[in-house]
Amino acid sequence: MNFLAVDTLAKALQEAGFQRLDAAKPMPRLEAGQQLFVTKNDSSLYAFRVGSKPLAEAGFHIICAHADSPTFRIKPQGEIRCEGGLVKLNTEVYGGPILSTWMDRPLSLAGRVILRGTDALHPTTRLLHVRRPLLVIPNLAIHFNRQVNDGVKLSKQKDMLPILGIVKEQLEGGMLINLIASELKVQESEILDFDLYLYDATPACRVGLDGEFISSGRLDDLSMVHAGLEALLAANKQPEVTQVLAIFDNEETGSQTKQGAGSPFLSSMLQRMVLAQGGTQDDWFRAIEQAFMVSADNAHAWHPNYSDKYDPTNHPQMGGGPVIKINAAQKYATDAQSAAVFAEVCREAGVPCQYFVNHSDVAGGSTLGNILASSLPLRGVDMGNPIWAMHSCRETGSVRDHALCIRAFTQFLN
Ligand code: ZN
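Residues numbered from 1 in each chain as written. Predicted model: local features only at pLDDT ≥ 70, side-chain atom pairs only at ≥ 80, totals over all residues. Heavy atoms only, no water.

So, about the coordination of the zinc ion. The zinc ion binds to the protein through H66 (NE2), D220 (OD), D297 (OD) and D297 (OD); the donor distances cover 2.0 to 2.7 Å. Classification of the site at the zinc ion as irregular follows from its four donor atoms and the range of 53 to 144° in their angles at the metal. If you list the donors of the zinc ion from N- to C-terminus, the spacing comes out as H-x153-D-x76-D. Of this pair, D220 sits in helix α4 (residues 219-234) while D297 is found in the loop between β14 (292-296) and β15 (299-300), placing the two residues 77 residues apart along the sequence. (Donors = N, O, S within 2.8 Å, 3.2 Å for Na, K, Ca; no water. Tetrahedral: all angles 85-135°; square planar, octahedral: opposite > 155°, others 65-115°. Helix = DSSP H or I, 4+ residues; strand = E, 2+ residues; numbered from the N terminus.)

Laid out in structure tokens, this is it:
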């Protein structure tokens, strides 16, 4: 659902000479060095740089990541009018945020708005990014809950609704529709629907004695999206092996959507590329056998206040480089062979790398790699940079790790 991130990616790719494909139109004939990208639902994006070797012989070098993050979605009929003219918004939780971290900080709204188009089946989409602090979810004062520091159970429906403002007069279409119309400079009657989400309105910043950390919303997984983009732009423009950057949506809700990693969309685009080279169905299967995927999603950095939560021998350090993620139950796609491949790529790039395995009594998370590999049987590794406070409104990562990751990805694509 990060429509703005996908739009930013598309603009950066177009500036670098990538040509936008329309999945509804025939695939053009492919030439070595050709740069293409395609989007799905305005919220996932797939970029390709065609290699000089036939796909059946060389396969693909794929980096994937996800653009969505835990947040709150505005429900339909979302305005709730309270005493004294206060208006709050009714929301639904998206993914698994740490709820308390969304309180007492300036928030705002972003997403897409659907406007009336030429006919019912073809409405128009406009992106909306309210660039000023607009909403706040205030905590309850400690005087009303003296036990607040002993732990609080938060209700998503009662405790987490953001306040939009004080309105004395009743606006005809409602305050939210009025706001959307004025932001987009359209008539209220043109607005059919919207996908709007809350975001942390405070810009990212560096923190630490030497600014060694970065504090930002949505490092998971926009930091890996950014590293993948930077690597694709820095990589060899005439590669032997076709380079692919796949940015999925809906990882935080299980990936089972047309724009998620569980969708056949990437697979069908790659297959269409093989056929567009004059390849056969058999060539497509051969290309998959040759391919390698780096599934990039952040890992948990060792936290000095909670060392008991980590594996005794595999707990990545902040600033220690990209992390290979391993799980015996195969929540990660990594196996010894794919871990060895990625570690070698890092070694060739002069980048240190680390390993993450769950403490055996802790369940841990899952990610894109095995979801993609279960429909597209690719060799691949799950990795990511170490961060603190995953799924907090504000996560912390390492500036050094980010640079190292871009270097490792560039080496892989080359
Ligand atoms: Zn993630």
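Now that the structure has been shown, the text picks up again.
On the basis of which strands lie adjacent, the open sheet formed by nine strands has the order β1-β2-β3-β13-β4-β14-β18-β16-β17 and mixed pairing. On the outer flanks of this sheet lie β1 (19-20) and β17 (354-357), each paired with one strand and no other. When strand β4 (residues 60-66) meets strand β13 (residues 242-248), the two strands line up parallel, connected through seven bridges. What sits directly across from C64, in β13, is A246. Of the strands in this sheet, β1, β2 (35-40), β3 (44-49) and β13 touch helix α1 (residues 3-15), which is tilted by about 20° from β3. Of the strands in this sheet, β3, β4, β13, β14 and β18 (379-384) are in contact with α4, which crosses β4 at around 150°. (Pairing = 2+ DSSP bridges. Contact = heavy atoms within 4.5 Å. Axes fitted to C-alpha atoms, helices over the stretch in contact; angles between N-to-C directions.)

According to the domain assignment, the protein contains domain 1 (2-69 + 217-413) and domain 2 (71-200). Each of domain 1 and domain 2 has a C-alpha centre, and the two are 32 Å apart. With 18 residues of domain 1 at the interface, the matching set in domain 2 holds 19 residues. Here domain 1 meets domain 2 over a buried area of about 1,400 Å², counting both sides, of which 61% is carbon and sulfur. On the domain 1 side of the contact with domain 2, F3, L4 and C393 bury the most area, a combined 44% of that side's loss. The partner of R112 in a salt bridge is D42, with the nearest N and O atoms 3.1 Å apart. Counting across the interface, domain 1 meets domain 2 through nine residue pairs in polar contact (both at pLDDT 80 or more). (Domains from an automatic or database assignment. Buried area = accessible area lost by both parts, 1.4 Å probe. Salt bridge = Lys/Arg side-chain N within 4 Å of Asp/Glu carboxyl O. Polar contact = N/O pair within 3.5 Å; in protein donor to acceptor, adjacent residues only side chain to side chain.)

Geometrically, a packed helix pair is captured by the angle between its two axes and the distance between the axes. One can describe the packing of α4 onto helix α9 (residues 399-413) by two numbers: an axis separation of 8 Å at closest approach and a directional angle of 45°. As the angle between them shows, α4 and α9 are arranged oblique. The way α4 lies across α9 gives a crossing that is right-handed. Seen from α4, the contacting residues are S223, M224, H226, A227, G228, E230, A231, L232 and A234; seen from α9, they are H402, C405, I406, F409, T410 and L413. When grouped by side-chain class, the residues that make up the contact of α4 with α9 number nine nonpolar, five polar and one charged. (Parallel < 35°, antiparallel > 145°, perpendicular 65-115°, else oblique. Left-handed = near helix turned anticlockwise from the far one by under 90°. Nonpolar A, V, L, I, M, F, W, Y, C, P; charged D, E, K, R; others polar.)

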